[in-house]
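Each chain is listed here by its residues.
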Amino acid sequence: MWSVWEYLGAAMPTLRTLEDLEREGLIVPDPRLEEAAQSLAIALTPDIVALIDRADLANDPIARQFVPSPRETEIAPEELADPIGDEARSPVKGIVHRYPDRALLKPIHVCPVYCRFCFRREQVGPGGEALSPTELDAALAYIREHGEIWEVILTGGDPLMLGSRRLRALIDALDAIPHVAIVRIHSRVPIADPGRVTAELIAALKPQRTQLWLAVHCNHPRELSAASKDALRRLSDGGLPLLSQTVLLAGINDDVDTLASLMRALVAARVKPYYLHHPDLVRGTGHFRVSIERGQALMKALRGRLSGLAQPTYVLDVPGGHGKVPIGPSYVGDDPDALLIEDAFGKQHGYPG
Ligand SMILES: *Cc1c(COP(=O)(O)O)cnc(C)c1O
Ligand code: SF4
């Protein structure tokens, strides 16, 4: 189907309302969608809309990630408003400090797109916008006062939604804190809005002293469009080491072929697969959830089939604020007196304990 914007020969704006989605033929009206849109804002950039296969909307792995579903109104009793317990670990607004050596700093609450499975769905969206200058100063003061913080992880929201000037000022402020060695940015911008990765933005990502790392959120090989691969190449050429994080999602990437081609495509784009996240217990996201058993079987299938470069670590953020742990399959038997090691092809081998 032709989009009305193509017909008008105009650039499509980011789709932000149910009316926009209906006009584009991406949803059929349903009162439950109003409720879904109230609990998490809607945003689909033109780059993302262009990736949607309209012939099979219900099963399309791109549409499923960004187009609201009536199923978001189904809340299971085990689902939590604060699924990873960030609240209890937030000493000042915008900071989450769970591990001694690293702290999250969330300067902004907006994202280029809103992912329907978002684990921060209670916090992200237009409205809250950025930390005020006073709040940002207080967050930076906290980092300055905590000499054990070696790494600052900028997240949000999406830190690359800050203008280049504000981003540069923030990175310079972190650069001036002697105990901070690493600044890591988590972003969906290179995938969802690659046009934002301008020379000006890349120039803002050049601290004098600290080393910057960029972790890109990407869940399906089709998200790596020509434009997004080009944005990743510019970032990498600009001197940034690139990592990826993927959320394991039912009906989107919970099969071995999709995961294998995603991880390979990331490595080919100079991005080292870092984490495969088990989906969090976020309210209204049961339709995305996969069992840990299934996740482990998928990880086993990747081992032996894919280069070590393309293997992510499968992690769970333990509900209640207990942090992330690897939950991948084990290859070591549990009898310490007769240790058995399983190889990548399923055969057992004895190993002197
Ligand atoms: C995920 C997370 C981190 C980063 O963890 P890594 O394992 O270093 O990637 C740090 N702090 C908090 C609060 C987190 O949720
Ligand atoms: S980009 Fe990240 S923070 Fe923003 S909606 Fe998606 S998952 Fe949530």
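Computed from a predicted structure; not experimentally measured. (Residues numbered from 1 in each chain as written. Chains lettered and ligands numbered in written order. Predicted model: local features only at pLDDT ≥ 70, side-chain atom pairs only at ≥ 80, totals over all residues. Heavy atoms only, no water.)

Comments concerning the site of ligand 1
This is how it is decided: When at least one non-hydrogen atom of a residue lies within 4 Å of a molecule or strand, that residue is treated as near it. We define a polar contact as two N or O atoms separated by no more than 3.5 Å, with the added condition that, inside protein, one atom must be a possible hydrogen donor and the other a possible acceptor, whereas residues neighbouring each other in sequence contribute only through side-chain atom pairs. Only the protein chains shown count as cover for residues, and all accessible areas are computed by the Shrake-Rupley method using a 1.4 Å probe. For the purposes of this entry, the term helix denotes a DSSP run of H or I that reaches at least four residues, the term strand denotes a run of E that reaches at least two, and both are numbered from the N terminus. When residues are grouped by polarity, Ala, Val, Leu, Ile, Met, Phe, Trp, Tyr, Cys and Pro land in nonpolar, Asp, Glu, Lys and Arg in charged, and all others, Gly among them, in polar.
All residues adjacent to ligand 1 are V96, R98, Y99, R102, L104, I153, R184, Y274, Y275 and K324. Contacts to ligand 1 include Y275, whose side-chain N or O atom sits 2.5 Å from an oxygen atom. One of the side-chain N or O atoms of K324 is found 3.0 Å from an oxygen atom in ligand 1. Burial of ligand 1 by the protein amounts to 91% of the accessible area it has alone, namely 390 Å². Sorting the residues of the shell around ligand 1 by element identifies β1 (95–99), β2 (102–105) and β7 (271–277) as the ones contributing at least two each. It is β1 that provides the largest number of residues to the shell around ligand 1, a total of three residues. Looking at side-chain class alone, the shell around ligand 1 contains six nonpolar, no polar and four charged residues.

Focus: the packing of helix α11 (residues 256–268) against helix α12 (residues 292–302)
The condition that has to hold: Geometry is summarised by axes, namely lines fitted to C-alpha atoms with helices restricted to the contacting stretch, and by angles between N-to-C directions that run from 0 to 180 degrees. Angle categories: roughly parallel below 35 degrees, roughly antiparallel above 145, roughly perpendicular from 65 to 115, and oblique for all the rest. With the far helix as reference, a near helix turned anticlockwise by less than a right angle produces a left-handed crossing, and one turned clockwise produces a right-handed crossing. Note on definitions: a residue-residue contact is assigned when non-hydrogen atoms from the two residues lie within 4.5 Å.
Between α11 and α12, the least distance of the axes is 10 Å, while the angle of their chain directions is 55°. Classified by the angle between their axes, α11 and α12 sit oblique to one another. Regarding α11 and α12, the two cross each other, and that crossing is right-handed. On α12, the residues touching V256, L259 and A260 of α11 are L298, A301 and L302. For the contact of α11 with α12, the per-class residue count stands at six nonpolar, no polar and no charged.

Quick look at the UniProt feature "binding site: [4Fe-4S] cluster" (unreviewed entry) in the chain
Quick note on the threshold: UniProt positions are given in the numbering used here, feature names are shortened, and annotations may be inferred rather than shown by experiment. Only protein chains enter the accessibility calculation, which uses a 1.4 Å probe; a residue is then buried when its area is under 20% of its type maximum, exposed when over 50%, and partly exposed in between.
Those places that UniProt annotates as "binding site: [4Fe-4S] cluster" (unreviewed entry) correspond, in this numbering, to C111, C115 and C118. Locating C115 in the fold gives a position in the loop between β2 and α6 (133–145). Setting aside residues no more than four positions away along its own chain, C115 makes contact with L40, Q65, F66, R188 and H217. Taking the relative accessible area as the measure of exposure, C118 reaches 13% and is therefore buried. When neighbours within four sequence positions are excluded, C118 is seen to be in contact with V124 and V282.

Overview of helix α7 (residues 164–175)
Quick reminder of the rule: An expected span of 1.5 Å times one less than the residue number is assigned to each helix. Directions are taken from the helix axis to each C-beta atom, and the arc is the one they span.
Its 12 residues give α7 an end-to-end C-alpha distance of 16 Å, which sits within 8% of 16 Å, the value for a rise of 1.5 Å per residue. Within the sequence span of α7, burial applies to S164, L167, L170, I171, L174 and D175. Buried residues of α7, seen end-on, are gathered within an arc of 140° and therefore sit on one face of the element. In this fold, the buried residues of α7 make contact with β2, α6, β3 (151–154), β4 (182–187), α9 (199–204) and β5 (211–217).

Some words on the UniProt feature "modified residue: N6-(pyridoxal phosphate)lysine" (unreviewed entry) in the chain
Here the UniProt feature "modified residue: N6-(pyridoxal phosphate)lysine" (unreviewed entry) sits at K324. Along the chain, K324 falls in strand β9 (residues 324–326). For K324, the residues in contact, after removing those within four places along its chain, are Y99, Y275, H277, V315, L316 and D317.

Description of the nonpolar core
Our working rule: We define the nonpolar core as a collection of buried residues of types Ala, Val, Leu, Ile, Met, Phe, Trp, Tyr and Cys that are connected through side-chain atoms lying within 4.5 Å of one another.
Residues L105, I143, L174 and L205 are the most contacted members of the largest nonpolar core, which totals 65 residues. Here this core takes five residues from α11, the largest share from any one element. Residues in contact with I143, not counting those within four places in the same chain, are I95, L105, I149, V152, L174, I177, H179 and V180. Judged by nonpolar contacts, the second largest core, of 25 residues, contains M12, L33, L44 and A192.

What about the domain arrangement of the chain?
How we decide: Segmentation into domains, and thus their bounds, comes from an automatic or database assignment. The term buried area denotes the loss of accessible surface (1.4 Å probe radius) that occurs when two parts are joined, taken as the sum for both partners. When a carboxyl oxygen of Asp or Glu lies within 4 Å of a side-chain nitrogen of Lys or Arg, that pair is called a salt bridge.
Its domain assignment divides the chain into domain 1 (4–73) and domain 2 (87–316). Of note, the centres of domain 1 and domain 2, computed from C-alpha atoms alone, are 23 Å apart. Taken together, the contact between domain 1 and domain 2 spans 27 residues of the former and 27 residues of the latter. Across the interface of domain 1 and domain 2, roughly 2,200 Å² is buried in total on both sides, 55% from carbon and sulfur atoms. Interface area lost by domain 1 to domain 2 is led by L40, R64 and Q65, which between them contribute 31%. Here domain 1 and domain 2 share three salt bridges between them. In this structure, D60 engages R222 in a salt bridge whose closest nitrogen and oxygen atoms are separated by 2.6 Å. Our count for the contact surface shared by domain 1 and domain 2 stands at 15 residue pairs in polar contact (both at pLDDT 80 or more). Looking at the side of domain 1 that touches domain 2, the elements with two or more residues in it are α3 (31–39), α4 (46–51) and α5 (63–66).

Quick word on the pairing of β5
Selection rule: A pair of strands is treated as paired once DSSP finds two or more bridges between them. Clockwise travel from the first strand over the helix to the second, with the strands pointing away from the viewer, marks a crossover as right-handed.
Across the seven residues of β5, five count as buried, placing the element largely inside the fold. Taken together, the four bridges between β5 and strand β6 (residues 242–247) define a ladder with parallel strand orientation. The residue of β6 that forms the bridge with H217 is Q245. As for the winding sense of the linkage, the β-α-β connection from β5 through helix α10 (residues 226–237) to β6 is right-handed.

A closer look at the sheet that holds strand β8 (residues 313–317)
On the basis of which strands lie adjacent, the open sheet formed by nine strands has the order β1-β2-β3-β4-β5-β6-β7-β8-β9 and mixed pairing. For this open sheet the edge positions go to β1 and β9, each flanked by a neighbour on one side alone. The sheet shows a mean angle of 30° between the axes of neighbouring strands, direction not considered. Here three bridges tie β1 to β2, and the two strands are oriented antiparallel to one another. Paired with I95 across the two strands is L105, which belongs to β2. Relative to the sheet, α7 contacts β2, β3, β4 and β5, its axis offset from that of β3 by approximately 165°.

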